[in-house]
Structure formats: structure tokens, C-alpha cells
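Tertiary structure, described
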Amino acid sequence: MPKKSNPIFQKKIHISHHVFIREPFQDYQPKDAGTWFEDGTVWNKDFHTYGVYWKNPWYLEYYIDGVLVRTVSGKDMIES
């Protein structure tokens with residue numbers, strides 16, 4: 001029997017990054033409202049290209065299918 005898809009995640013995609021520290025192990029990931037992207041696309045119906053341009057230590061640009069969909073800047077947003 002095929003697994004059912006969650007309809008919420010068919011229409012929302014999580015856009016974020018992780019920062020790992022080895023010693024002692026820590027994993028930081030932003031959790032602000034902007035990490036969930038929705039534009040009406042049903043994400044599991046087609047293939048998409050995702051990318052991140054890490055412009056400098058404190059500025060990231062997130063792209064989906066070549067379109068800029070989110071920017072993150074500042075030390076508090078990149079690592080905490």
C-alpha cells in the first residue's frame with residue numbers, strides 16, 4: 001500500500017541551512033517563519049532545482065528553479 005503524502009508538505013518547502021560545530025557537537029538551524037516557502041506550487045508533482053549562493057560569511061541567497069526566494073543575513077541568522 002503506498003504511503004500517503006502530507007498535504008501540507010506538498011505545498012510548502014523548507015528552506016534553511018545547518019551550521020555544525022564538531023567539539024562539542026552543536027547543530028544550529030534557523031527556525032523563523034521564513035524557512036517555510038509557499039507559492040502555490042505542488043512540490044511533489046515535478047522536479048525542481050534548488051540552490052544557495054553563500055555570498056559572504058553573513059549573507060545567503062536561496063533559489064528554487066533559478067528564482068530568488070529567500071535571503072538571510074546577519075550573524076544571528078547564519079549561526080547562533
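Residues numbered from 1 in each chain as written. Predicted model: local features only at pLDDT ≥ 70, side-chain atom pairs only at ≥ 80, totals over all residues. Heavy atoms only, no water.

**Quick notes on the overall build of the protein chain**
- Within the protein chain one finds two helices and seven strands.
- Taken over the C-alpha trace, the protein chain has a radius of gyration of 15 Å; the compact-globule value for 80 residues is 12 Å, which it surpasses by more than 25%.
- Along the first, second and third principal axes, the C-alpha set of the protein chain runs to 45 × 30 × 20 Å.
- The proportion of buried residues among the 80 residues of the protein chain is 21%.
- Partitioning the intrachain contacts of the protein chain with sequence separation of at least 6 by distance along the chain shows that 38% fall at a separation of at least 24.
- When the accessible surface of the protein chain is split by element, carbon and sulfur atoms take 56% of a total near 6300 Å².
- Across the protein chain, the centroid of the 10 positively charged side chains sits 7 Å from that of the 10 negatively charged ones. (Helix = DSSP H or I, 4+ residues; strand = E, 2+ residues; numbered from the N terminus. Rg over C-alpha atoms; globule rule 2.2 N^0.38 Å. Buried < 20%, exposed > 50% of the residue type's maximum accessible area, 1.4 Å probe, protein only. Contact = heavy atoms within 4.5 Å. Areas by Shrake-Rupley, 256 points an atom, 1.4 Å probe, with all protein chains shown as cover. Lys, Arg positive; Asp, Glu negative; His and termini not counted. Charge placed at Lys NZ, Arg CZ, Asp CG, Glu CD.)

**Description of the pairing of strand S6 (residues 59-64)**
- Pairing between strand S5 (residues 50-56) and S6: six bridges, direction antiparallel. By the bridge assignment for S6, Tyr50 is matched with Ile64.
- Direction of pairing for S6 relative to strand S7 (residues 67-73): antiparallel, over a ladder of six bridges. In the sheet register, Leu60 faces S7, and the bridge partner there is Val72.
- What sits between S6 and S7 in their antiparallel hairpin is a turn of two residues, with Asp65 showing a positive phi close to 55°. (Pairing = 2+ DSSP bridges.)

**Comments concerning the environment of Ile21**
- With respect to the helices, strands and loops of the structure, Ile21 is situated in strand S2 (residues 19-21).
- Spatially, the C-alpha atoms of Ile21 and Trp54 are 18 Å apart, while their sequence positions differ by 33 residues.

**Digging into the nonpolar core**
- One finds Ile13, Ile15, Phe37, Trp43, Leu60, Tyr62, Ile64, Val72 and Ile78 forming the largest nonpolar core, which totals nine residues.
- At three residues, the largest contribution of residues to this core is made by S6.
- The residues contacting Trp43, other than those within four sequence positions of it, are Gln10, Lys11, Lys12, Ile13, Phe37, His48, Tyr50 and Ile64. (Core = buried A, V, L, I, M, F, W, Y, C linked by side-chain atoms within 4.5 Å.)

**So, the sheet that holds S6**
- The three strands lie next to each other as S5-S6-S7, forming an open sheet whose pairing is antiparallel. Each of the sheet's edge strands pairs with one partner strand only, and the pair in question is S5 and S7. When strand polarity is set aside, the average angle formed by the axes of neighbouring strands in this sheet is 20°. (Axes fitted to C-alpha atoms, helices over the stretch in contact; angles between N-to-C directions.)

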